[in-house]
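Residue-level structure breakdown
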Amino acid sequence: MTSRKLRFAIFGNTYQPKKSVSILKILACLSERKAEVYMESNFFDFLVHQQHISVSATKVFEGSDFDADFVISMGGDGTFLRAASMVGDKQIPILGVNMGRLGFLADIDANEIENIIQALYEGDFSIETRAAIAVETDGTPLQGYHCALNDVAILKRDVASMISIRATVNGVYLTTYQADGLVVSTPTGSTAYSLSVGGPIIVPGTCVFSMTAVAPHSLNIRPIVIPDNAEICLTVESRSHNFLVALDGRSEKCSEGTRLTLRKAPYLVKVVKRAGQRYFHTLRDKMMWGADQRR
């Protein structure tokens, strides 16, 4: 059991006012152990000014201006992804506490938090490493962070016409997608947007990316899985002369002709898991495999 003082950076969901009060339980656990608590400014303001909760934080930080031994994400998978984007290459393990329905990333129930924090101090946990996708452009750089833990989506902006996405892998021409978009997914993101457009479920730790078209014009187009050490280059043509690039759901406009280069990010994201926790348990629960659907 560690005797040193641990530092925790906390990110939270500001859209779940009834559930965010569970932060008090976490803060009480951390206070008992004399931990240093750093809190994201948006979440701190939400709790103090909107929920009128008394919060004692060692430091309130903006964006990625923090360092810690662990990051605690309180919300859902979206909150976890935002926290991961702020952690970036800091290599800080992230613990996802779920404040609603079971998530793939935020898979720790809020009622378990006391036991989980105890486990962190005792070293009774495991760390999973997850690959991310880095995106480069040959034109105007993307704003904000340039890596995605779940997926990178290339999407049309207008409602009427599809876009053309020319794809090469390691410099070799693959195909030109005529579709509403294309989702390039990590194994972590394979159960998110990629799955909803017909992509495969990929077990985390598998060293691959998947490419799945969104509403392709041709029925011959199918998802493809490629090694995650490959370089994917994409160029887009569109009647509106622009398109959207979305990294883990955060989208921005790009001009037609911009060349996008996708590679495995130069770092891995560390995810805290309970000792003995298995991905397939979460998968079965989330997908409701084996549940009786007749009612």
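Scope of this entry: the structure provided in the associated data block. In this text the structure is predicted, and so the values were computed from the model without any measurement.

Re helix α3 (residues 77–87)
The set of residues buried in α3 consists of T79, F80, L81, A83, A84, S85 and V87. Looking at the buried side of α3, the elements it contacts are β1 (7–12), β4 (70–75), β5 (94–98) and β18 (259–274). Looking one or two residues past α3, G88 carries a phi angle of roughly 55°, positive in sign.

Things to note about the nonpolar core
Within the largest apolar cluster, 31 residues are counted, with the highest numbers of intra-cluster contacts made by F8, I10, I23, I26, M39 and L95. Elements with a contribution of two residues or more to this core: β1, α1 (23–32), β2 (36–40), α2 (41–50), β4, β5 and α4 (113–122). Non-local contacts of I26, meaning those with residues more than four positions away in its chain, are made with I10, I72, M74, I113 and I117. Counting 28 residues, the second largest nonpolar core, distinct from the first, contains I163, V245, L247 and L262.

Looking at the side chain of S161
Summarising the element assignment, S161 is placed in the loop between β9 (151–155) and β10 (163–169). In this structure S161 touches K156 and R239, once residues within four positions along its chain are discounted.

What about the sheet that holds strand β17 (residues 250–255)?
By way of backbone hydrogen bonds, the strands of a sheet pair with one another, either parallel or antiparallel. With antiparallel pairing, six strands are arranged side by side in an open sheet as β14-β13-β12-β9-β16-β17. Edge strands, defined here as strands with exactly one partner in the open sheet, are β14 (224–227) and β17. The sheet shows a mean angle of 20° between the axes of neighbouring strands, direction not considered. As paired elements, strand β13 (residues 208–214) and β14 share four bridges and run antiparallel to each other. Bridging from a neighbouring strand, S210 pairs with V225 of β14.

Details of the pairing of β9
Among the five residues in β9, five count as buried, and that is most of the element. Going residue by residue along β9, you find D151, A153 and L155 tucked away on one face and V152 and I154 tucked away on the opposite face as well. The pairing of β9 with strand β12 (residues 181–185) spans five bridges and is classified as antiparallel. In the sheet register, A153 faces β12, and the bridge partner there is V183.

Details of unusual backbone geometry
Its identity is not glycine, yet A215 carries a phi of approximately 45°, on the positive side. Relative to the assigned elements, A215 resides in the loop between β13 and β14. Overall, the relative accessible area of 48% leaves A215 in the partly exposed class. Phi is positive for H241, close to 65°, though the residue is something other than glycine.

With respect to the packing of aromatic side chains
For any pair of aromatic rings, geometry is given as the distance between the ring centres together with the angle between the planes. A full pass over the atoms with the stated rule returns nine aromatic pairs. With centroids separated by 6.4 Å and ring planes inclined at 15°, the aromatic side chains of F43 and F46 adopt a geometry described as stacked. Of the two residues, F43 and F46 are both situated in helix α2; the distance of three residues between them amounts to about one turn of the helix. Comparing F43 with F46 shows no difference in burial state: the two are buried. Seen in terms of ring centroids, Y279 and F280 are 5.8 Å apart; in terms of plane orientation they differ by 65°. Their pairing is edge-to-face. Classification of Y279 by relative accessible area gives buried; the value is 16%. Classification of F280 by relative accessible area gives partly exposed; the value is 47%.

Conventions adopted
Residues numbered from 1 in each chain as written. Predicted model: local features only at pLDDT ≥ 70, side-chain atom pairs only at ≥ 80, totals over all residues. Heavy atoms only, no water. Buried < 20%, exposed > 50% of the residue type's maximum accessible area, 1.4 Å probe, protein only. Helix = DSSP H or I, 4+ residues; strand = E, 2+ residues; numbered from the N terminus. Contact = heavy atoms within 4.5 Å. Core = buried A, V, L, I, M, F, W, Y, C linked by side-chain atoms within 4.5 Å. Pairing = 2+ DSSP bridges. Axes fitted to C-alpha atoms, helices over the stretch in contact; angles between N-to-C directions. Phe/Tyr/Trp six-rings, centres within 6.5 Å; stacked < 30°, edge-to-face > 60°.

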